[in-house]
Structures are given as C-alpha cells and as structure tokens.
Amino acid sequence: MSLVLDPAAQDLLFREARTANTFTDEPVTDEQVQAIYDLVKFGPTAFNQSPLRITLVRSEEARERLVRHMAEGNQAKTRTAPLVAILSADNEFHEELPALLPHFPQAKDMFFAERPVREQSALLNAALQAAYFIVGVRAAGLAAGPMTGLDFAGVQKEFLDADHTPLMVVNIGKPGEDAWFPRSPRLSLDEVITTV
C-alpha cells in the first residue's frame, strides 16, 4: 500500500467510519471540541479563508428549538446526541482576510467586494471545512452524524443571522447501540477518475 497513514488510522477516519445514528450518553467536552478544532483549522481553503462557523447546541432549551427544525427521521437522534453542532458559512468572511492572508491583504477588496461572490466562495470553502470537521471528530475517537434533513430557513432564523448560511447539523458523541446502517456502496476508481 502506498499510503503512509497507519492502517488503524485509515480505518478510524475512513474505512470503518460511518454516520452514527445512536449515541451513548457520554458527554463531549469543551476540551475535545478544542482539540478537534485545533487539528482541522489547518485544512486548506482558497485564500486561506475561514468561513466555517460552528454553533454548539448544548442546552436542553436550544436542543428542543433545533429539533423542531429537523426532519422527522433526524429528530430523535438530534434530541439524544451528547453534542450537536450547527455548521454554517459566514458570508462576511472577507473581513478576516487581511489577518489570514497578510502577504496579500488586498484580496479582501480585490476578489470579495461583492456579496454574491462571497456567498459562493463561503459556501464552497465552509463545506470543505465541514468535511475536515467531520474527519476531526473521528480523529478524536468520536462518531459524527452529519445531516442535511432540516428546515434550513428555520435554523437560520432560530440560531443564525442573514450573514450566516446553514450547511448542516452534526450530531457528535460515542456511538451507541446499533449506531450504524450497513455500509453503502461506493463508486470504483474507473467510474470516477479520467486520465487525459
């Protein structure tokens, strides 16, 4: 095999990892969240932008407000996961570019002065960061349950503002009993890769 990552780590992050549907009641600590973020913040993005925003839903009151906006099939697992994160894209991410891209601070105004351009870039790069976040949750020995079955407008109105676009909700914790559905098929290399 030509991968340098240890096979056990490959299993933890990819081959054996799946979306969790049940969780134990073991809490997810702020220290674990800090460790996850400290790892995944280094994932690459265009112009080193960091549009991902993470809203941790910890209180029971906030949890119930969120559950009301989840699709019926996602409500029970969102209600019982030890931690739930709302991942969103900050459409005003460009304000941070002078600090994040100090060798090219003019990128803020040169490329991202117009809102539609920012929204498109924020969506793509926050989605990249969301994928890193899911892998980071797995790297912490936890299971992630990312979901897009939700009322996006309702979640935005309830928890965010007009400058933040919700991407997904992620349940986080130690997997519980019968946490996994069977592994679904994946496309083969020949179905995905074209050489020109």
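In this text the structure is predicted, and so the values were computed from the model without any measurement.

Asks: Would you mind going over the sheet that holds strand S4 (residues 164-173) with me for this structure?
Replies: Strand pairing in a sheet takes place through backbone hydrogen bonds and is either antiparallel or parallel in direction. In spatial order, the strands read S1-S2-S4-S3; together these four strands make up an open sheet with antiparallel pairing. The open sheet has two free edges, formed respectively by strand S1 (52-57) and strand S3 (143-147), since each of these has just one partner strand. Shown here is a sheet whose adjacent strand axes are inclined to one another by a mean of 30°, direction ignored. Taken together, the six bridges between S1 and strand S2 (residues 83-90) define a ladder with antiparallel strand orientation. Counted as the bridge partner of Val57 is Val84 from S2. Where helix H7 (residues 115-139) meets the sheet, it contacts S1, S2, S3 and S4, and its direction lies at approximately 155° from that of S2. This element, helix H8 (residues 152-159), spans S2 and S4 of the sheet and lies at about 90° to S4.

Asks: Where do I start with the packing of helix H3 (residues 60-67) against helix H4 (residues 72-80) in this structure?
Replies: One way to put it is that H3 packs onto H4 with a least axis distance of 9 Å and a crossing angle of 170°. It follows from the interaxial angle that H3 and H4 lie roughly antiparallel. In this structure, H3 uses Arg63, Glu64, Leu66 and Val67 to contact H4, whose residues at the interface are Gln75, Thr78, Arg79 and Thr80. Tallied by class, the residues present in the contact of H3 with H4 amount to two nonpolar, three polar and three charged.

Asks: Which parts of the structure should I look at to understand the nonpolar core?
Replies: Across soluble globular proteins, you tend to see nonpolar side chains buried next to one another. If you look at the biggest cluster of nonpolar residues, it comprises 24 residues, and the most contacted ones within it are Leu87, Phe133, Val137 and Ile172. Secondary-structure elements contributing two or more residues to this core are helix H2 (30-40), S2, H7 and S4. Sorting elements by how many residues they give to this core places H7 first, with six residues. Non-local contacts of Val137, meaning those with residues more than four positions away in its chain, are made with Ile36, Leu142, Ala143, Ala144 and Ile172. Phe23, Val57, Met70 and Phe159 belong to the second-largest nonpolar core, a separate cluster that totals 16 residues.

Asks: Can you walk me through the packing of H3 against H8 in this structure?
Replies: The description of two helices packed together rests on the angle between their axes and the distance between the axes. Interaxial distance between H3 and H8 falls to 10 Å at its minimum, and their mutual angle equals 155°. For the element pair H3 / H8, the angle class is roughly antiparallel. Contacts between H3 and H8 involve Ala62, Arg65 and Leu66 on the former and, on the latter, Val155, Glu158 and Phe159. Partitioned by chemical class, the residues of the contact of H3 with H8 number four nonpolar, no polar and two charged.

Asks: Just checking my understanding: could you explain a nonpolar patch on the surface for this structure?
Replies: Residues Leu187, Leu189, Val192 and Ile193 make up a contiguous nonpolar surface patch of roughly 430 Å² in combined accessible area. Examined against the element boundaries, Val192 turns out to sit in helix H9 (residues 189-192).

Here is what the cut-offs are and how they apply
Residues numbered from 1 in each chain as written. Predicted model: local features only at pLDDT ≥ 70, side-chain atom pairs only at ≥ 80, totals over all residues. Heavy atoms only, no water. Pairing = 2+ DSSP bridges. Helix = DSSP H or I, 4+ residues; strand = E, 2+ residues; numbered from the N terminus. Axes fitted to C-alpha atoms, helices over the stretch in contact; angles between N-to-C directions. Contact = heavy atoms within 4.5 Å. Parallel < 35°, antiparallel > 145°, perpendicular 65-115°, else oblique. Nonpolar A, V, L, I, M, F, W, Y, C, P; charged D, E, K, R; others polar. Core = buried A, V, L, I, M, F, W, Y, C linked by side-chain atoms within 4.5 Å. Buried < 20%, exposed > 50% of the residue type's maximum accessible area, 1.4 Å probe, protein only. Patch = residues over 30% accessible without salt bridge, like charges linked within 9 Å, V, L, I, M, F, W, Y side chains within 5 Å. Areas by Shrake-Rupley, 256 points an atom, 1.4 Å probe, with all protein chains shown as cover. Salt bridge = Lys/Arg side-chain N within 4 Å of Asp/Glu carboxyl O.

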